[in-house]
Amino acid sequence: MRAIQIQRHCKPEDLVVSDIPARRPGPGEVRIRVHAAAVNFADSLIISDQYQHKPQLPFIPGMEAGGEVIETGPDVEGLRPGDRIVGYSRYGYFAEEAVMPAAHTFAMPRGMDFVKAAAFPISYGTAHVGLQYRAGLKAGEVLLVTGAGGGVGIAAVEVGKALGATVIATASSTAKLDLAAKHGADHLINYAREDVVARIKSLTGGVDVVFDPVGGDAFRWALKCINFEGRILVVGFAAGERQLVPANHVLVKNATIIGFSWSFYREKKPSVDQYAFADLCRMYEAGQVNPPVTETYPLEDAGKALRRLLDREAAGKIVLTVR
Ligand SMILES: NC(=O)c1ccc[n+]([C@@H]2O[C@H](COP(=O)([O-])OP(=O)(O)OC[C@H]3O[C@@H](n4cnc5c(N)ncnc54)[C@H](OP(=O)(O)O)[C@@H]3O)[C@@H](O)[C@H]2O)c1
């Protein structure tokens with residue numbers, strides 16, 4: 001099968017497609033024909049050995065996909081060849097086929113195509129579990145989303161709206177803010193040009209929950225605007241700075257800073273994930289969420305796609321079409 005295999009840690013530009021043997025599924029596993037696989041910021045970390053999880057070399061990157069089951073291993077129940085699935089993992093999907101634990105797949109929502117399915121699990125799982133389970137976002141609250149034109153950002157805008165919040169989207173360009181508006185954001189702030197804190201104070205006075213995949217300055221603005229008993233979800237550090245938290249500000253605002261890494265729920269509390277995906281499928285079928293795929297590339301162009309993400313050129317999600 002054709003696959004991008006990492007023999008030694010590298011940069012996006014070094015990714016190449018090669019032919020490698022496919023494998024049969026073992027107990028509890030399914031073999032998946034990958035139709036489309038989305039590109040994620042964390043792919044750049046895993047291929048350069050900077051990710052928190054370090055797979056043994058050689059490995060195939062790619063964390064999420066839309067595909068169909070071709071074969072099931074012993075002990076697998078509830079899945080059959082031909083089933084259309086959404087798959088998520090830490091690596092393994094930049095290939096024509098992937099063998100994955102059956103538990104790391106779920107049935108595609110009705111009406112979804114493979115490309116959207118590839119862009120669904122990580123961003124939306126992160127947004128749903130983060131906002132609903134970790135931050136306890138309630139209808140009527142004000143949600144601030146930083147990096148709102150990115151993959152997890154757009155998902156947080158949509159899930160926030162579906163949970164009944166007023167959503168303030170912040171991003172660095174008009175194109176990214178336009179996309180956030182198209183996906184339901186109520187208020188838009190361009191943090192390359194505007195005084196974020198002053199705009200938020202004039203719009204809503206403050207915010208109850210912050211979803212922050214950017215970090216650095218974005219986190220500091222968030223802390224200045226957080227309401228009494230507000231919650232700030234630390235989702236990522238796309239800006240490259242792991243900010244320190246001034247504990248005195250947290251104290252005087254009675255605020256809560258919430259660390260959040262979605263991938264651990266799969267192992268430590270799978271029921272949280274299962275609930276989120278069932279609710280997300282319902283939201284998709286009700287038209288409340290819609291994965292924002294803005295660009296597609298063939299598998300051969302994985303490096304180019306990843307570079308666009310790292311250079312902040314991409315809005316929404318980029319997907320590789322594999323078949
Ligand atoms: N905690 C979790 O469970 C979890 C799950 C998924 C992802 N993440 C993390 O969340 C972050 C965002 O992921 P994503 O998939 O949404 O990525 P993405 O689509 O690339 O979006 C990231 C956004 O961050 C902003 N940004 C600010 N400074 C940047 C810089 N120097 N380089 C790149 N982007 C910069 C960009 O928006 P502007 O140009 O508008 O500033 C960009 O749109 C990543 O750090 C990722 O690892 C965490």
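Residues numbered from 1 in each chain as written. Predicted model: local features only at pLDDT ≥ 70, side-chain atom pairs only at ≥ 80, totals over all residues. Heavy atoms only, no water.

1. Brief notes about the site of the ligand
Surveying the vicinity of the ligand reveals 22 residues, the closest of which are Ser172, Lys176, Tyr191, Phe260 and Trp262. The backbone of Val235 places a nitrogen or oxygen atom 2.8 Å from a nitrogen atom of the ligand. Within the backbone of Trp262, one N or O atom sits 2.7 Å away from an oxygen atom of the ligand. The protein chains hide 88% of the 900 Å² of surface that the ligand would expose on its own. Contributing elements (two or more residues each) for the shell around the ligand: α3 (121-134), α4 (151-162) and α11 (302-310). When we break the shell around the ligand down by domain, the ones giving at least three residues each are domain 1 (2-120 + 291-321) and domain 2 (123-263). (Near = heavy atom within 4 Å. Polar contact = N/O pair within 3.5 Å; in protein donor to acceptor, adjacent residues only side chain to side chain. Areas by Shrake-Rupley, 256 points an atom, 1.4 Å probe, with all protein chains shown as cover. Helix = DSSP H or I, 4+ residues; strand = E, 2+ residues; numbered from the N terminus. Domains from an automatic or database assignment.)

2. Re the domain arrangement of the protein chain
What the domain assignment lists for the protein chain is domain 1 (2-120 + 291-321) and domain 2 (123-263). For domain 1 versus domain 2, the distance between C-alpha centres works out to 28 Å. On the domain 2 side, the residues contacting the 16 residues of domain 1 number 15 residues. Considering only the surface of domain 1 that becomes buried against domain 2, Phe120, Pro292 and Arg312 emerge as the three largest contributors, covering 36% of it. Where domain 1 touches domain 2, the interface holds 0 salt bridges. For the interface between domain 1 and domain 2, the tally reads 5 residue pairs in polar contact (both at pLDDT 80 or more). Of the residues belonging to the side of domain 1 that touches domain 2, the class tally is 8 nonpolar, 4 polar and 4 charged. (Contact = heavy atoms within 4.5 Å. Buried area = accessible area lost by both parts, 1.4 Å probe. Salt bridge = Lys/Arg side-chain N within 4 Å of Asp/Glu carboxyl O. Nonpolar A, V, L, I, M, F, W, Y, C, P; charged D, E, K, R; others polar.)

3. Describing the pairing of strand β11 (residues 207-212)
In terms of burial, β11 is a largely internal element, 6 of the 6 residues being buried. Strand direction decides the pairing type here: strand β8 (residues 142-145) and β11, joined by 3 bridges, are parallel. Across the sheet, residue Val145 finds its bridge partner in β11, namely Phe211. In this sheet, strand β12 (residues 226-234) lies alongside β11 in parallel orientation, the contact comprising 5 bridges. Within β12, the position partnered with Val210 by the bridge is Ile232. Since β11 and β12 lie parallel, the crossover through helix α7 (residues 217-225) that links them has a hand, and here it is right-handed. (Buried < 20%, exposed > 50% of the residue type's maximum accessible area, 1.4 Å probe, protein only. Pairing = 2+ DSSP bridges. Right-handed = clockwise from strand over helix to strand, strands pointing away.)

4. Things to note about the side chain of Arg90
Considering the arrangement of structural elements, one finds Arg90 in the loop between β5 (84-88) and β6 (97-101). Here His53 takes part through its side chain, which lies 3.0 Å from a polar atom of the side chain of Arg90. Polar side-chain contacts of Arg90 include one of 3.4 Å to the side chain of Ser263. When sequence neighbours within four positions are dropped, the list of residues in contact with Arg90 reads Ile46, Tyr51, His53, Met63, Ser263, Arg266 and Glu267.

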